[in-house]
Amino acid sequence: MIEFIVKNRCTGYACSLSLALGFLQLAGYAYAQDLTATQRMAEQGSADEIGVARDAQQAVAWYRKNAEQGNASGQFLLGESYSTGTGVAQDAQQAVFWFRKAAEQGYAEAQVALGKKYATGTGVAQDAKQALVWYRKAAEQGHAEAQVLLGLKYETGTGVAQDDKQALAWYRKAAEKGNAIAQTNLGSSYANGKGVAQDDKQALAWYRKAAEQGNAVAQTSLGALYLLGEGVPQDDSLAYVWLSVAVANGGSSDAKKLRDLAAKKLSHGQLEVSQKLAGQYFEKYQPSR
């Protein structure tokens, strides 16, 4: 909590205290995994869930106090509350209002959030170019998610001229910070020779980094490389292992098809060993919670 407050420019004692109190109030809310269920239980008179709702409302009160004093952290958190309907009635326009205030102060998280609102046309008219503007502001501050989103804009040519090299450059910046989506996209760029010379070994290296963070797309791609023997010695067992982990982590139907293909190439004994290893890998390589 203290690290968040310091990192996000909340330096005054009153500001820090208010945001800390907001976080403490919201902590109770975090235990409710389904907001709809929470609201339903509250309506039915569940004392615990009513208490959770009150905690969220109190958190919003502290965020508003700071937001109205011009604190960017408070403005962003208030915008998030309006965006998700946490502790306050959901209101996309109010979310945009507070995100903009924080974004105009250079608050990167708010810039990303505002960019997403423009990208989807939620609470504001859809505008790909405006989304790009806000993503770029955050990306240039080193915000990894913004760098990925900016890379996607260049890769798809949305709001900007299509440019695989620019996409690659932004993916690389985020990938080097450890962002799993960027690592996966960078691996794909190398695998397909988009914006860079085609290189299966580089593709393998980046897919592996993302796969070990639990990214199911990277796990599928890594499994496929083992299945095909591209950038790595062909290995049906490791192909099966990574593809199984991808399926368990919510991978696409392609992951399941490739896993089943790999399984058919293994003997009964090899399959048993591979299944055991897949279980170990699944325990180790899951997405961050």
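Shown above is the structure to which this text applies.
Residues numbered from 1 in each chain as written. Predicted model: local features only at pLDDT ≥ 70, side-chain atom pairs only at ≥ 80, totals over all residues. Heavy atoms only, no water.

Colleague: What exactly am I supposed to notice about the side chain of Lys 117 here?
Modeller: Relative to the helices and strands, Lys 117 is located in helix α7 (residues 108–120). Notably, Lys 117 is buried but unbridged: the nearest opposite-charge side chain belongs to Glu 80, and the N-O separation is 7.0 Å. Once residues lying within four places of it in the same chain are set aside, the contact partners of Lys 117 are Ser 83, Ala 95, Val 96, Phe 99, Thr 122 and Val 124. (Helix = DSSP H or I, 4+ residues; strand = E, 2+ residues; numbered from the N terminus. Buried < 20%, exposed > 50% of the residue type's maximum accessible area, 1.4 Å probe, protein only. Lys, Arg positive; Asp, Glu negative; His and termini not counted. Salt bridge = Lys/Arg side-chain N within 4 Å of Asp/Glu carboxyl O. Contact = heavy atoms within 4.5 Å.)

Colleague: Explain the pattern of salt bridges to me, please; I cannot follow it from the model alone.
Modeller: Should their charged atoms come close, side chains of opposite charge can pair. Per the counting criterion, the structure on display carries five salt bridges. Among the salt bridges present, the one from Glu 145 reaches Lys 116, with a minimum N-O distance of 2.6 Å. With Glu 145 in helix α9 (residues 144–156) and Lys 116 in helix α7, this residue pair connects regions lying 29 residues apart in the sequence. Since its relative accessible area comes to 32%, Glu 145 is described here as partly exposed. Residue classification places Lys 116 among the partly exposed residues on the basis of a relative accessible area of 35%. A network of salt bridges, in which partner residues are shared, links Lys 256, Arg 259 and Asp 260.

Colleague: I tried to follow the packing of aromatic side chains on my own but got confused; where do I start?
Modeller: In this description, a pair of aromatic rings is defined by centroid distance and the angle of the planes. Counted by the stated rule, this structure contains six aromatic pairs. Relative to Phe 99, the ring of Phe 76 lies with its centre 5.8 Å away and its plane at 35°, an arrangement referred to as tilted. Remark: Phe 99 occurs in helix α6 (residues 92–103) and Phe 76 occurs in helix α5 (residues 72–84); sequence separation between them is 23 residues. Judged by its relative accessible area of 9%, Phe 76 falls in the buried class. A residue is classified by how much of its surface remains accessible, and Phe 99, at 1% relative accessible area, is buried. Measuring from centroid to centroid gives 5.4 Å for Phe 76 and Tyr 107, while their planes differ by 35°, and the two rings are tilted. One end of the pair, Phe 76, is in helix α5; the other, Tyr 107, is in the loop between α6 and α7, and 31 residues separate them in sequence. Three or more aromatic residues link up through ring pairs in this structure, and these residues are Phe 76, Phe 99 and Tyr 107. Over the face of the ring belonging to Trp 134 we find Lys 137, whose NZ or CZ atom lies 5.7 Å from the ring centre. (Phe/Tyr/Trp six-rings, centres within 6.5 Å; stacked < 30°, edge-to-face > 60°. Lys NZ or Arg CZ within 6 Å of the ring centre and 35° of its normal.)

Colleague: Any chance you could explain the nonpolar core here in plain terms?
Modeller: Across soluble globular proteins, you tend to see nonpolar side chains buried next to one another. Counting 64 residues, the largest nonpolar core has Phe 76, Leu 78, Leu 114, Leu 186 and Leu 222 as the members making the most contacts within it. Non-local contacts of Leu 186, meaning those with residues more than four positions away in its chain, are made with Leu 168, Tyr 171, Arg 172, Ala 175 and Trp 206. (Core = buried A, V, L, I, M, F, W, Y, C linked by side-chain atoms within 4.5 Å.)

Colleague: Would you explain the side chain of Asp 236 in this entry?
Modeller: With respect to the secondary-structure elements, Asp 236 resides in helix α14 (residues 236–248). A relative accessible area of 15% places Asp 236 in the buried class. Engagement of the side chain of Asp 236 in a polar contact is seen with the side chain of Lys 265, the distance being 3.2 Å. In contact with Asp 236, other than residues within four places in its own chain, are Leu 227, Ala 262, Lys 265 and Leu 266. (Polar contact = N/O pair within 3.5 Å; in protein donor to acceptor, adjacent residues only side chain to side chain.)

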